Amino acid sequence: MKPSSSLNNDQKLKICHHKAANPSIKQSALANWAMQEFKLSKVPTQGTISNIIAKLQQYHPELDNVLANWVLQCQARRVALSGDLIKEKAHQFARQLELGERTPEFSNGWLAKFNIRHGFKAQKSYGESGSADLDAIDKNMPTIKEKLQSYSLQDIYNMDETRLFYRMAPDRTIARRQIEGSKKDKTRLTFVFAANADGSHKMKPLIIGHAQRPRAFNRKSAEQLGFYYRSNAKAWMTGLIFREWLQKMDQQMQDANRKVLLLLDNAPSHVVRDLPLTNVQVFLFPANTTSKIQPMDAGIIAAFKRRYRRFQLQDAIDRDEQQKADIYKVDQLIAMKWAKATWNDISSKTIANCFKHTCLFQRETQKNKVGLEEQDIENELKDAINQLPISRPMSVHGLINPEEEQQVAHEEISDEDLIKLSSSQDQEEEEDGEVMDENPPMSTKEKLNVLHSCISFLDLLNPNHVIAHKVLRNIQFEIRTIEKKQTTLDRYFCKEY
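Rules and cut-offs
Residues numbered from 1 in each chain as written. Predicted model: local features only at pLDDT ≥ 70, side-chain atom pairs only at ≥ 80, totals over all residues. Heavy atoms only, no water. Helix = DSSP H or I, 4+ residues; strand = E, 2+ residues; numbered from the N terminus. Buried < 20%, exposed > 50% of the residue type's maximum accessible area, 1.4 Å probe, protein only. Areas by Shrake-Rupley, 256 points an atom, 1.4 Å probe, with all protein chains shown as cover. Pairing = 2+ DSSP bridges. Contact = heavy atoms within 4.5 Å. 1 Å grid on protein atoms, 1.4 Å probe; cavity = no way out; pocket = protein on both sides within 12 Å on 5 of 7 lines; lining within 4 Å. Points joined across faces, edges and corners; volume = space filled by probe spheres on them. Nonpolar A, V, L, I, M, F, W, Y, C, P; charged D, E, K, R; others polar.

Check the secondary structure of the protein chain and you find 20 helices and six strands. Considering the protein chain as a whole, with its 497 residues, one finds that 45% of them fall into the buried category. Roughly 27,400 Å² of accessible area belongs to the protein chain as shown, and the carbon and sulfur atoms make up 49% of that amount.

Structure follows, in structure tokens:
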């Protein structure tokens with residue numbers, strides 16, 4: 001696809017957001033950011049950027065986000081909205097945000113631009129949507145399966161969200177205290193996972209946290225650190241974040257020249273209407289049925305959490321041996337790195353089997369049976385729990401599926417929470433001791449010595465650990481290569497200067 005040189009309304013909106021989040025950024029830097037962010041063929045002119053910034057005086061990102069999320073929630077509930085009702089709600093939110101003299105004039109022109117920015121069209125009246133029961137599922141299942149049969153397995157995707165209390169201890173007393181205090185210490189993340197039915201494509205997870213720039217990021221952006229990350233005050237999925245995610249998926253499928261089907265639950269944030277999708281067709285499951293027919297709920301998310309808790313408990317054992325005060329302490333960046341490695345570790349076979357475990361596909365499979373790999377991980381978790389100083393240990397099932405993490409990560413949001421979600425999203429994480437203790441940097445010689453000791457120990461323990469040997473030797477090679485390149489550069493500059 002040939003890069004474009006012009007900016008659409010959505011891109012102009014993102015420029016406004018970026019300027020609002022970085023008030024001191026220069027216009028030239030903002031133009032270069034826009035070219036890289038939107039993959040433009042050339043840098044926008046200063047006049048273009050100036051016009052967009054000038055409009056920022058009449059544009060309020062917080063008000064815009066709050067109102068757009070409110071409209072999306074109304075659409076999810078099939079509430080009929082008129083232009084006058086939207087403008088009246090905008091007045092109400094403006095008062096709550098205390099815009100005062102900065103309150104825009106909510107004219108018909110303002111409403112038209114608001115609708116264009118978010119792709120909203122004229123609203124129609126809909127009947128009240130009811131919850132579908134299992135009888136309705138059984139009745140409609142032939143139609144659903146017929147829909148699936150028109151797509152190959154590699155072109156059928158499922159997406160779902162899950163919460164993760166990333167510091168949660170496997171001790172029932174401590175865990176309860178941690179979860180109750182999570183609103184204060186902000187140790188909860190929402191993960192958005194998507195994969196296709198044959199397991200050949202796992203999409204990059206979207207992570208939703210509390211702060212746009214957590215202290216653990218060390219002043220780097222999430223993109224620089226290799227993550228797809230968004231934030232709001234409650235770390236929740238919202239209608240705007242969902243629509244951004246879905247449009248990104250549609251663009252990916254356009255680039256790959258693929259037409260796919262996306263299976264979704266009917267959560268309040270999953271509002272698809274009015275989105276100009278070309279390569280993704282969305283199918284919404286009936287209400288209260290996802291535990292029966294949604295593949296992510298059939299074991300994929302559980303596989304992720306088993307592997308994440310394995311990382312966490314192994315780290316807790318190390319910290320206990322080092323006599324650390326808080327053995328479950330981990331900062332957000334480390335938790336995100338563990339989660340990334342965990343998602344990458346889930347095999348295509350595991351994902352394909354979870355799709356088969358639903359009643360959506362006619363496949364021969366043994367239902368409700370954990371695979372050997374998953375059982376091995378559960379055994380590791382049991383052993384780890386037994387090694388930790390715990391007074392009231394959780395069961396492995398309780399650790400993987402705590403009730404609080406099962407709560408919807410995108411529940412309907414009150415007006416008060418909509419205000420909070422918008423007003424806090426650009427703030428940096430508060431000083432709460434969350435960043436992990438930093439060890440002094442190791443020299444190349446120290447790194448190689450540690451690896452040599454590990455290899456020697458492995459030789460004594462079991463020389464047949466071929467894979468472990470290979471991994472350690474590869475790390476050694478990488479460290480030596482980096483050191484050699486640095487030494488060559490140092491010599492070159494010494495000669496030149």
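Summarising burial for strand β5 (residues 260-264): five of the five residues are buried, a large majority. Judged by which residues are buried, β5 turns out to be covered on both faces: Val260, Leu262 and Leu264 on one side and Leu261 and Leu263 on the other are all buried. In this structure, strand β1 (residues 156-165) lies alongside β5, joined through three bridges in parallel fashion. What sits directly across from Ile156, in β5, is Leu261.

Moving on, we get to the environment of Trp33. In this fold, Trp33 is placed in helix α2 (residues 27-38). Residue Trp33 is classed as partly exposed on the basis of its relative accessible area of 21%. In sequence terms Trp33 and Ile15 are 18 residues apart; their C-alpha atoms lie 8.8 Å from each other. With near-sequence residues (within four places) excluded, Trp33 lies in contact with Lys14, Ile15, His18 and Phe38.

Counting across every chain of the model gives two cavities of 30 Å³ or more. In this structure, the second largest cavity spans a volume of roughly 40 Å³. Lining the second largest cavity are Gln312, Asp315, Ala316, Ile327, Tyr328, Lys329, Val330 and Trp338. Here the lining of the second largest cavity takes three residues from helix α12 (residues 300-321), the largest share from any one element. Across the lining of the second largest cavity, the residue classes break down as five nonpolar, one polar and two charged.

Treat this as a map of the structure, not an account of what it does.
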